[in-house]
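Below are the chains, spelled out letter by letter.
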Amino acid sequence: MSLVSRISSKAIPIAVVLLGVLLSSACQQEDMEPEGPAYSVETIKTPEGLSVESGGLDFLPNGRMIACFRRGEVMTYNPETEEWDLFAYGLQDPLWIKAVSDHEVYVMQRAELTRVTDTDKDGKGDLYETVTDDFGMSGNYAEFAYGPEIDEEGDFFISLNTASAMADVYNIMRGEFSPIGRKGRMYSAVPYRGWVLKVKPDGTTIPWASGLRSPNGLELDDEGNLFITDNQGDWLGTSKLYHIRKNHFYGHAPSLVWEEGFENIEPLELPVPVLDKMRTEAAVQFPHGFFVNSPTQPLIDRTGGKFGPFTGQMFVGEMNHKRIVRVILEKVQGVFQGATTSFIDSTGLNIGNNRLSFSPEGELWVGQTDHGWPGDQGIQKITWNGSVPMEVLNMSLTETGFELTFTKPVNPELASQPENYNFERYYYKYHQAYGSDRYGIKDIKVTGAEVSDDRKKVTLQLEELDSDFIYDMRIENLESESGDTLVHNRVYYTINRLR
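Residues numbered from 1 in each chain as written. Predicted model: local features only at pLDDT ≥ 70, side-chain atom pairs only at ≥ 80, totals over all residues. Heavy atoms only, no water.

Looking along a regular strand, one sees side chains alternate from face to face of the sheet. Most of strand E11 (residues 127-132) is tucked away: five of the six residues are buried. Two strands pair when backbone bridges link them, and strand E10 (residues 113-117) and E11 are joined in this way by five bridges, in the antiparallel orientation. Within the sheet, the bridge partner assigned to valine 116 lies in E11 and is tyrosine 128. (Buried < 20%, exposed > 50% of the residue type's maximum accessible area, 1.4 Å probe, protein only. Helix = DSSP H or I, 4+ residues; strand = E, 2+ residues; numbered from the N terminus. Pairing = 2+ DSSP bridges.)

Spelled out as C-alpha cells, the structure:
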C-alpha cells in the first residue's frame, strides 16, 4: 500500500450529551485496613448507563482524568469533585488516549489516529482531525489499533493487531488485499497488520517493525526505547515484552508479507529455523497461565517515589488475573532482558486490567475491559499508604548467578542459606502452533548465598547458567530484619545473554 499521509479536519459540534446527566460519585473503599497491605484499591463509580469498557486512560495537565470507552465516548473525571463530563463521543472502538494539553488529546480509533481538540475551551472536544489512516482494514473484528506513544521529536508510535481466523474479511476493504497474508490463525491480509508504525506530525506514516500478533501496549522509556507487549498464541509460546527497533522482526510470521523483498514468498512456508534466526528475542517473557495470560499496557513509574519504592521500573496490566505485574529491566551485552514478578494480586483489584495511568498525586489508575475477552468493566485506583512492602526490588544477572536487592534489610541468617532459594529453568518453543508447553525443565541448584554488609543484597551462586531460558525463582523462609515476610516470593528472569 502506498503510504500517503492525509490530514483532514472537520468540526463536530457537541450539541448533545450522550448520557444525559453525568453523575457525581463517591469512591468505594476496598481493603483499607489500617495495618493492611502497602497498597489499597478503590473502585471509581462511573456514570449510570455507561458501558465501562476502558480503552484508554490518561491525565490532563490540570489533574482531570480522561478516559475513552469502547462504545465511543471520551469522558473526563474530576478527582476532587468526583464528577464526570463528556468530552467527545461517536468514536469507533477507541483503544488508546494520550493527553498533550488540557484541551487536546490523541485517540486511537479502529480506523485512524485522531486528534481531538477543544478549541473554545468549554470542556468539549469540537475539532476532530485525522493524523493518519494509512493502514489497511479488512473488516475483521480483531483488527484493533493501539497507541500513540509520542517521542521527544513529536513522532507517534502506533501498533496494529492482526486479524483472527475466527472471522473472515469483508468484500470492501481499505488497502491492498494479500491472499498470502490471509493465511494463518492470526493473519495480515491488509497492510500493516502485526506491525508498529511511526507517524510523523505531518501524518507521514512509516512501517517501523513487524512480527507482532496482538500488541496491546506501548511505552517509551526516558532514553527513547520503545517497549511493546504481545499476547500468547500462534507463533508465541508465551506472552512477551519486546524492545522494538526499526526494521526488526519479532516472530509472528504472517506480517512478513508486507516486508520489502517478500513479494513472492509465503511466510508460513518458511522453515521455523529460518524464521527463528530472523526474529528478535523478547526482553522479558511472562510465564503463561499461572502468572500471566494476556499482558496489556506497560507503564514506567515516573512518580519519583510517590507510588513506593519502584521508581523507574515498569508495571504491566494483566487481563485474565486480578494482577498487575512489575518488570525489572537491565542491559546485558547491549540487549535488554530482565525479571518480572507480581506487583499486586487481588487486594480488591478486578480482572481485565487493560489501561494504566499515574495521576499527578502518584496514584495508579487502572481501566478495565471485558470486550470479547475474559475481563471486567470499570476503573480502579491503587494508592500507596507510605509503608514499604518486603519485596525483591531488583534482580540482576552476574557471571555466576544473580544479585538480589530487597526493599528492606534481610535477616542474614535466613538469607544466607542457599536452600531457601529454589530455581527452575525452562523455555517456550517458537513454532506456528498456538502457545507452547514448557520445555527443558530443570531444577538448578543454588550453591552459595552471600549477604551484603547493609543486608539489602544477596548474591546467589548457581550451579549453571545458560541463555535462552527463563529462570523461575521461588524464595522460601526469608524475612526482613524486622520479621516481615516477602509479599511476592516468585520472580522470573529471562536470560537472553550471559555476562
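Moving on: the environment of leucine 270. Position of leucine 270 among the secondary structure elements: in the loop between strand E20 (239-244) and helix H1 (272-278). In sequence terms leucine 270 and aspartate 345 are 75 residues apart; their C-alpha atoms lie 41 Å from each other. Not counting residues up to four positions away in its chain, the partners in contact with leucine 270 are Phe262, Ile265 and Leu275. (Contact = heavy atoms within 4.5 Å.)

Our focus in this paragraph is the UniProt feature "domain: DUF7133" (unreviewed entry) in the protein. According to UniProt, the positions carrying the feature "domain: DUF7133" (unreviewed entry) are residues 83-366. The distance separating the terminal C-alpha atoms of residues 83-366 is 18 Å; by composition the span is 2% helix and 38% strand. (UniProt positions renumbered as here; feature names shortened; annotations may be inferred.)

A few words on the pairing of strand E35 (residues 469-475). The element E35 is extensively covered by neighbouring structure, given that six of its seven residues are classed as buried. The sheet contact formed by strand E31 (residues 421-428) and E35 spans six bridges and is antiparallel. Note on E35: the bridge partner recorded for phenylalanine 423 is methionine 473. Across six bridges, E35 lies against strand E36 (residues 490-495) in antiparallel orientation. Across the sheet, residue isoleucine 470 finds its bridge partner in E36, namely threonine 494.

Let us look at the nonpolar core. Val196, Leu226 and Ile244 are the most contacted members of the largest nonpolar core, which has 37 residues in total. Beyond its immediate stretch of four places on either side in the chain, isoleucine 244 contacts Val196, Trp208, Ala209, Leu212, Leu226, Ile228 and Tyr250. Counting 31 residues, the second largest nonpolar core, distinct from the first, contains Val332, Leu397, Val446 and Ile475. (Core = buried A, V, L, I, M, F, W, Y, C linked by side-chain atoms within 4.5 Å.)

In sheet architecture, strand pairing relies on hydrogen bonds along the backbone and comes in two forms, parallel and antiparallel. Here we have four strands laid out as an open sheet, ordered E12-E13-E16-E17, and antiparallel in their pairing. Only two strands of the sheet have a single partner each, and these edge strands are strand E12 (145-150) and strand E17 (205-209). Direction aside, neighbouring strands of the sheet carry axes that sit 25 degrees apart on average. As defined by bridge partners, strand E13 (residues 156-160) adjoins strand E16 (residues 196-199) across four bridges and the pair is classed as antiparallel. Along E16, the bridge assignment pairs serine 159 with valine 196. (Axes fitted to C-alpha atoms, helices over the stretch in contact; angles between N-to-C directions.)

What follows concerns empty space enclosed by the protein. For the structure on display, the rule yields one cavity of 30 Å³ or more. Volume-wise, the largest cavity comes out at about 60 Å³. Lining the largest cavity are His243, Arg245, Glu281, Ala282, Ala283, Gly334, Val335, Phe336 and Asn496. (1 Å grid on protein atoms, 1.4 Å probe; cavity = no way out; pocket = protein on both sides within 12 Å on 5 of 7 lines; lining within 4 Å. Points joined across faces, edges and corners; volume = space filled by probe spheres on them.)

This part is about the pattern of salt bridges. For side chains bearing opposite charge, pairing can occur when the charged atoms are close. This model, assessed by the stated rule, comprises 27 salt bridges. Among the salt bridges present, the one from aspartate 466 reaches arginine 425, with a minimum N-O distance of 2.7 Å. Residue aspartate 466 is located in the loop between strand E34 (457-462) and E35, and its partner arginine 425 is located in strand E31; the two are separated by 41 residues in the primary sequence. The class for aspartate 466 is partly exposed, based on a relative accessible area of 29%. The exposure class assigned to arginine 425 is buried, which follows from its relative accessible area of 9%. A salt bridge links aspartate 472 to arginine 490; the nearest nitrogen and oxygen atoms lie 2.8 Å apart. Note that aspartate 472 is positioned in strand E35 and arginine 490 in strand E36, a separation of 18 residues in sequence. We classify aspartate 472 as buried; its relative accessible area is 4%. Here the salt bridges share partners, and the residues they tie into one network are Arg425, Lys442, Glu464 and Asp466. (Salt bridge = Lys/Arg side-chain N within 4 Å of Asp/Glu carboxyl O.)

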